[in-house]
Amino acid sequence: GTEYAIDIVSRNGQHKVAALWKYDKRPANNRAFVYFATELIGTTDSIDAEAVCDYATSALDALNIKWGTTHTEIIVGQDDGVCRLVEVNCRQHNMDFAPISMACIGYNALDMLLA
């Protein structure tokens, strides 16, 4: 399926999606997959995008995460469209993505957290 990374900022249980990234992974070099690209997409660009954001914030609620930044990865099944949690990390997405977010959308998760 398709894998997404969701950067979320939480304050007192209120979750805001800072950025949604879609991974382009394909077989290459005799490996099951290689990362070719990471695309910044809108949270309402597709049904999958909306479902992934909803699933990610529900996962944070289930884990009782109320404060800080999280980097969550979810795979949407190719055949069934079901969201599957890969991981939730209580950390900022790779810091290389902060300037990319700033250039593309004018803000990033760390600035949202500190605002």
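Bear in mind the structure is a predicted one, so any value in this text is a computation, not a measurement.

Let's shift gears to the sheet that holds strand β2 (residues 14-28). Sheet strands associate in pairs through backbone hydrogen bonding, adopting either a parallel or an antiparallel arrangement. Strand order in the open sheet formed by five strands is β3-β2-β1-β4-β5, and the pairing between neighbours is antiparallel. Two strands close off the open sheet at either side, each with one partner strand: β3 (31-41) and β5 (83-89). The average undirected angle you get between the axes of adjacent strands in this sheet is 25 degrees. Across nine bridges, strand β1 (residues 2-11) lies against strand β4 (residues 68-76) in antiparallel orientation. Its bridge partner lying in β4, Ile8 is registered against Thr70. With respect to the sheet, helix α2 (residues 97-105) is in contact with β2 and β3, its orientation differing from that of β2 by roughly 105 degrees.

Here we take up the pattern of salt bridges. In total, this model carries three salt bridges according to the counting rule given. A salt bridge links Lys25 to Glu3; the shortest N-O distance between them is 2.4 Å. A residue pair is termed long-range when its members are at least 10 positions apart, and Lys25 in strand β2 and Glu3 in strand β1 qualify at 22 residues. Note on Glu3: relative accessible area 4%, which makes it buried. Salt-bridge contacts for Asp24 lead to Arg26; the nearest nitrogen and oxygen are separated by 2.8 Å.

Together, Met102, Ile105 and Tyr107 make up a nonpolar patch on the protein surface, roughly 240 Å² of accessible area in all. Take Met102: its relative accessible area is 36%, and that puts it in the partly exposed class.

Before going further, it helps to examine the confidence of the model for the protein chain. Per-residue confidence for the protein chain gives a mean pLDDT of 92, with 99% of residues at or over 70. For the protein chain, the element scoring lowest by mean pLDDT is α2, at 85; β5 scores highest, at 97.

Glancing now at the pairing of β4. With respect to burial, β4 is a largely interior element, eight of its nine residues being buried. Summarising the sheet, β4 and β5 pair through six bridges and their orientation is antiparallel. Paired with Ile75 across the bridge in β5 is Arg84. Counting the residues that bridge the hairpin from β4 to β5 gives six residues, and of these Gly81 lies at a positive phi of roughly 70 degrees.

Checked against the element boundaries, Thr57 lands in helix α1 (residues 47-62). Thr57 sits in the buried class, given a relative accessible area of 18%. The residues contacting Thr57, other than those within four sequence positions of it, are Ile8 and His15.

Cut-off values and rules
- Residues numbered from 1 in each chain as written.
- Predicted model: local features only at pLDDT ≥ 70, side-chain atom pairs only at ≥ 80, totals over all residues.
- Heavy atoms only, no water.
- Pairing = 2+ DSSP bridges.
- Helix = DSSP H or I, 4+ residues; strand = E, 2+ residues; numbered from the N terminus.
- Axes fitted to C-alpha atoms, helices over the stretch in contact; angles between N-to-C directions.
- Contact = heavy atoms within 4.5 Å.
- Salt bridge = Lys/Arg side-chain N within 4 Å of Asp/Glu carboxyl O.
- Buried < 20%, exposed > 50% of the residue type's maximum accessible area, 1.4 Å probe, protein only.
- Patch = residues over 30% accessible without salt bridge, like charges linked within 9 Å, V, L, I, M, F, W, Y side chains within 5 Å.
- Areas by Shrake-Rupley, 256 points an atom, 1.4 Å probe, with all protein chains shown as cover.
- pLDDT = per-residue confidence, 0-100.

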